[in-house]
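Coordinate analysis (summary)
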Amino acid sequence: MARQRRKHTREFKVEAVKLVTQKGYSVAEAARSLDIAETLLRSWKLAFEKEGDQAFPGHGNRPPLEEEIRRLQAENKRLQMERDLVKKATAFFAREAL
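In this report, the structure presented in the accompanying data block is examined. The numbering scheme is per chain: residues are counted from 1 as the chain's sequence reads. Since the coordinates come from a predicted model, pLDDT governs what is reported: local features require at least 70, and pairs of side-chain atoms require 80 or more to be given and counted, while whole-chain, interface and lining totals use all residues. Only hydrogens and water are removed before side-chain values are computed, so all heavy atoms of the structure are retained for them.

Let us look at the pattern of salt bridges. In a structure, side chains of opposite charge can pair up when their charged atoms sit close to one another. Salt bridge, as applied in this entry: a Lys or Arg side-chain nitrogen positioned within 4 Å of an Asp or Glu carboxyl oxygen. According to the stated counting rule, one finds eight salt bridges in the structure shown. Among the salt bridges present, the one from K45 reaches E49, with a minimum N-O distance of 3.2 Å. Of this pair, K45 and E49 both sit in helix α3 (residues 38–51), four residues apart, roughly one helical turn. Accessibility here uses a 1.4 Å probe with only protein chains present; expressed as a share of the type maximum, an area under 20% marks a residue as buried, one over 50% as exposed, and anything in between as partly exposed. The exposure class assigned to K45 is partly exposed, which follows from its relative accessible area of 24%. The salt bridge partner of E67 is R70, with a shortest N-O separation of 2.8 Å. Here the residue E67 and the residue R70 both occupy positions in helix α4 (residues 64–97), the gap between them amounting to three residues, near one helical turn. Via salt bridges that share partners, E68, R71 and E75 belong to a single interconnected network. In this description a helix means any DSSP run of H or I spanning at least four residues, a strand means any run of E spanning at least two, and both kinds are numbered starting from the N terminus.

What follows deals with the nonpolar core. In this text, buried Ala, Val, Leu, Ile, Met, Phe, Trp, Tyr and Cys residues form a nonpolar core when linked through side-chain atoms within 4.5 Å. One finds V20, A30, I36, L41, W44 and F56 to be the most contacted residues of the largest nonpolar core, which totals 13 residues. Among the elements of the structure, α1 (10–21), α2 (27–34) and α3 are those that each provide at least two residues to this core. By definition, residues are in contact when any of their heavy atoms lie within 4.5 Å. Contacts of W44, omitting those with residues within four sequence positions, involve H8, F12, K13, A16, V17, I36 and F56.

Okay, structure coming up:
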């Protein structure tokens, strides 16, 4: 039977990374003591080093930059649809005028 996927809080992840970065534990020791995979702890460590306080935003919570990108992409899609509608209307009325 497959193991059920565990969810870890942001605080747990930050403290796990601190064990390695500040307390001097090796990744293997920290992972073993926390009962998590070494690769998981390494990925948390890399994410924390790369993103700092923005790391581990939580389920459904995107970092501000990603949220802005998502908003701009949605606006771009809406504006393209409006442009296409105006093009079709112009072509329709041009045919009617002939």
